[in-house]
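The primary structure of each chain is shown beneath.
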Amino acid sequence: MVISHYCKSPCTYIELTAEISKQLTEMTSISSNNQSTNFTLQESVNVWRSRGGRQSCRTSAAFAFKSSFFGKKPLLLSVNKTRPGRALGPTGYSRLNPITASSRCHTFDVIIIGAGIIGLTIARQLLVGSDLSVAVVDKAVPCSGATGAGQGYIWMVHRTPGSEIWDLALRSNKLWKMLADSLRDQGLDPLQVIGWKQTGSLLIGRTPEELVMLKERVKQLCEAGLRAEYLSSSDLLQAEPELMVGEDSRAAFLPYDSQLDAMLAVAYIEKGNRHFASKGRYAEFYHDPVTCLLRSNSTGEVEAVQTSKNTLYSKKAIVVAAGCWSGSLMHDLLRETEIVLDIPVKPRKGHLLVLENFNSLKLNHASMEAGYVGHHDLTLHPGQVDHGQILSISMTATTDAIGNLVLGSSRQFAGFNTEVEQTIIDRIWKRAAEFYPKLRDLCLADFISNRKVRIGLRPYMPDGKPVIGPVPGLSKVFLATGHEGLGLSLIVHNFGPLFQALGTAELVADMVLTNPLKVDSAPFAVQDQSERSQHLSIPLVRSNLYCFSLPAMGFFLRY
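Residues numbered from 1 in each chain as written. Predicted model: local features only at pLDDT ≥ 70, side-chain atom pairs only at ≥ 80, totals over all residues. Heavy atoms only, no water.

As recorded by an unreviewed UniProt entry, the chain carries the name DAO domain-containing protein and is attributed to Citrus sinensis.

This part is about the overall build of the chain. What the chain contains, in helices and strands, is 13 helices and 23 strands. Burial statistics for the chain: of 559 residues in total, 57% are counted as buried. Put simply, of all contacts in the chain between residues at least 6 apart along the chain, 75% involve residues at least 24 apart. Summed over its atoms, the accessible surface of the chain is roughly 22700 Å², and 51% of this surface lies on carbon and sulfur atoms. (Helix = DSSP H or I, 4+ residues; strand = E, 2+ residues; numbered from the N terminus. Buried < 20%, exposed > 50% of the residue type's maximum accessible area, 1.4 Å probe, protein only. Contact = heavy atoms within 4.5 Å. Areas by Shrake-Rupley, 256 points an atom, 1.4 Å probe, with all protein chains shown as cover.)

This brings us to the pattern of salt bridges. A side chain of one charge can pair with a side chain of the opposite charge when the charged atoms of the two come close. A complete count under the given rule lists 14 salt bridges for this structure. Between Glu270 and Arg274 there is a salt bridge, and its shortest N-O distance comes to 3.0 Å. Taken together, the residues span about one helical turn, with Glu270 and Arg274 both in helix α8 (residues 262-274) at a distance of 4 residues. Residue classification places Glu270 among the buried positions, given a relative accessible area of 9%. Shared partners join several salt bridges into a network, and the residues in it are Glu164, Asp463 and Lys465. (Salt bridge = Lys/Arg side-chain N within 4 Å of Asp/Glu carboxyl O.)

For the rest of this paragraph, the subject is the confidence of the model for the chain. Low pLDDT means the predicted coordinates in that region are not meant to be read closely. Across the chain, the average pLDDT comes to 74, with 68% of residues at 70 or higher. No element of the chain has a lower mean pLDDT than helix α13 (residues 545-548), at 24, and none a higher one than strand β9 (residues 229-231), at 98. The low-confidence segment residues 376-388, where pLDDT is below 50, has 35 contacts with residues more than four positions distant or belonging to other chains. Contacts from residues 485-496, a stretch scored under 50 in pLDDT, to residues over four places away or in other chains number 73 contacts. (pLDDT = per-residue confidence, 0-100.)

Here the focus is helix α6 (residues 208-223). Taking 1.5 Å per residue as the helical rise, α6 with its 16 residues ought to reach 22 Å, and the 23 Å between its terminal C-alpha atoms agrees with that figure. Where α6 is buried, its residues touch α4 (166-185), β8 (201-205), β9 and β10 (250-254). Positive phi appears at Gly225, one or two residues downstream of α6, with a value of about 100°. (Expected span 1.5 Å × (residues − 1).)

Attention now moves to the packing of helix α3 (residues 117-129) against α8. Following both chains from N to C, one finds α3 and α8 inclined at 35°, their axes separated by 10 Å at the closest point. Relative to α8, α3 is oriented so that their crossing is left-handed. Together, Ile117, Leu120, Thr121, Ala123, Arg124 and Leu127 of α3 and Val266, Ile269 and Asn273 of α8 make up the contact between the two elements. Among the residues making up the contact of α3 with α8, the classes are represented as 6 nonpolar, 2 polar and 1 charged. (Axes fitted to C-alpha atoms, helices over the stretch in contact; angles between N-to-C directions. Left-handed = near helix turned anticlockwise from the far one by under 90°. Nonpolar A, V, L, I, M, F, W, Y, C, P; charged D, E, K, R; others polar.)

This paragraph deals with α8. For an α-helix, 3.6 residues make a turn, and residues three or four places apart therefore share a direction. Taking 1.5 Å of rise per residue, 13 residues should cover 18 Å, and α8 covers 18 Å from first to last C-alpha, within 8% of that figure. Turning to α8, its buried residues number three or more, namely Ala262, Ala265, Val266, Ile269, Glu270 and Asn273. Summarising the axial view, the buried residues of α8 lie within an arc of 125°, below the 170-degree limit, and thus occupy one face. At the N-terminal boundary of α8, the capping side chain belongs to Asp261, with an oxygen 3.0 Å from the backbone nitrogen of Met263. (Arc of directions from axis to C-beta. Polar contact = N/O pair within 3.5 Å; in protein donor to acceptor, adjacent residues only side chain to side chain.)

Turning our attention to the pairing of strand β20 (residues 405-412). Summarising burial for β20: 8 of the 8 residues are buried, a large majority. As paired strands, strand β16 (residues 346-355) and β20 are joined by 4 bridges and run antiparallel to one another. From the neighbouring strand, Leu353 faces β20, where its bridge partner is Leu407. (Pairing = 2+ DSSP bridges.)

Here the focus is the pairing of β10. Burial of β10 is extensive: 4 of the 5 residues sit out of reach of the surface. Bridging between β8 and β10 involves 5 bridges; their strand directions are antiparallel. In the strand pairing of β10, Ile204 is matched with Ala251. Pairing geometry for β9 and β10, over 3 bridges, is antiparallel. Its bridge partner being in β10, Tyr230 is matched across the sheet by Ala252.

Right, here's the structure in full:
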C-alpha cells in the first residue's frame, strides 16, 4: 500500500492507520453469497473524520496492495466482517493484523530483528563494545527457531583452510574458546553455564574416495596450525570402541573440537544482555512480530521497525537476522524501490532425534560420517526422494551436556513445514545403527516415552556462504543470515548459526561502529545474489511473510 501523508508525529500516523483499519472492519459486511464490499482509503478517511477523527492529518492514497501475500496484481482492499471465533492464520494471528491504537513508540540506537543466536550475540557485542542502546524484537522467544534445534558442534574438522569462510570460522572458533576460558577464570564451569564440552570430533570415512578426502583434509588442517590426526582402523576402534570399524574405515580426528548447548548458551548471553536494561541500553520485544519497516519520506532511509504492538525507531542501524525469512523480508521492503537485491536464502528442514538418559551406548567423541560433507548440494543416497522432496540423511552422533544421546541428521527442502516425519526419524535411527551396532538390537518404539525430536529450518544459501553486511542503498540496514552451509557442511543441526555467531556478531558490530574489521567481509557482502540462485538444484521458493515468520505482513505501509 503506497501512502502519501502529512501528520504532526509518527504516533499520529499510527493512530490514523489503526482507526482506519478499525472503521474498515466495522463498516464491512459479508453477504450471503460471500461477496465483500470494497472501500477506497479516502472514503474511509472521510468516514473516520465524520466520526470525530483527528483533523490535523491530511491523507490521500492509492489503495492498492502489492506483497508476496497477495501476489503481484494490485488489489482493492476487501475486508470481511469479523465474527466471534474467527479462524486465525497458521501462526495464530488473524489474516489482517493492523497496527493497533495501543502501539507505543520507542527509540534505540540499534534495532535487531531476530532473537536467535545470531541476533542475540550481535546485541551482546554492541552492548559490551560500545555505549549504544539496543533492542531485540522477535515474533516468539529466543531459541524458538533454528537455534534451538541444533546439535551443538563447534567443529573445525570439516572446514577447508583457505576457503572464503575459513577466516570467519577460525575466528568464531577462537571466540567461543575464549568465552569458555573466561568463564573458568571467573570460577564458573563452562559445562554448567553453556554446556561446553571438549569432545573431540571424528569425521569417519569408509570408501576409497572418502579416505583420500580425509587424508588431504588432515594435511590441510595441520598446515593451517590446528592439531589434526588421521586415524587408522585400529586407532579409530581404540578411540571409539562402540563404533563399527572395518578394515577400510578411517577417520579425521581433531581432539580440541568442542560442542555446547544452545539453550544454555542463549540463556547466558541473554542474561548478560539484560544487565544493560537497568542502564536504559537494552530492551526485548518478544511475542511481538515485525509487521513492516518504515521509511522516511524525505531521505528514503529505513528509520523504524513496526511491530504488532510497538514502533521502534533506530538512530544508527537496523539489523535483519531473521534466519530463513530474511530474504523475503528484504524482498518486500524493496519491492517498489530502485534497489535490486535478491537474497536466495531459503528454509532447509532438518530432524534430530534426542534420547534422554540413554545408557545403552557410550560415546567418547562426537562423530559424523564423511558423506555428510558432500550433502550441501543435495547429493542423494539411493531411494531418498520422499513425496517429491529431495532428502539426504547422514549419521551424526553425540552425547550432550546432561547425557542425552543426540542423533542426526536429515536435510530436506520442504518449504516452511515443521511437522515431525516419523519415516525420517526411522531412517536416522537405521543409519546410526549402521555405524553403532548396539542400536540394531534396540527398538526405537521402546523409547517413545523418553525421546524428543527437534525440527529446525536452516537458513540455506546455495553456495554455503552467509550474507553479512550493509544493504546497498539502505545505509542503516544490515543483513546477517544464511549461516546454514558455510562451504562444506556447517548446518543448523551442527550449529551453523551457533558456531558462526560470535564471529558474525563481531563482524556486524565492527561494521555498525565503523571499526577496523578483523575478518575480510568481501565474501559475505550483501549484493544482488541472483548468481547464487543459479546454483540451486531445485526452484527457489520464496516465503510468505505472513504465514511463516512475520504474521502481520499481509501488507507494507510505505511512505
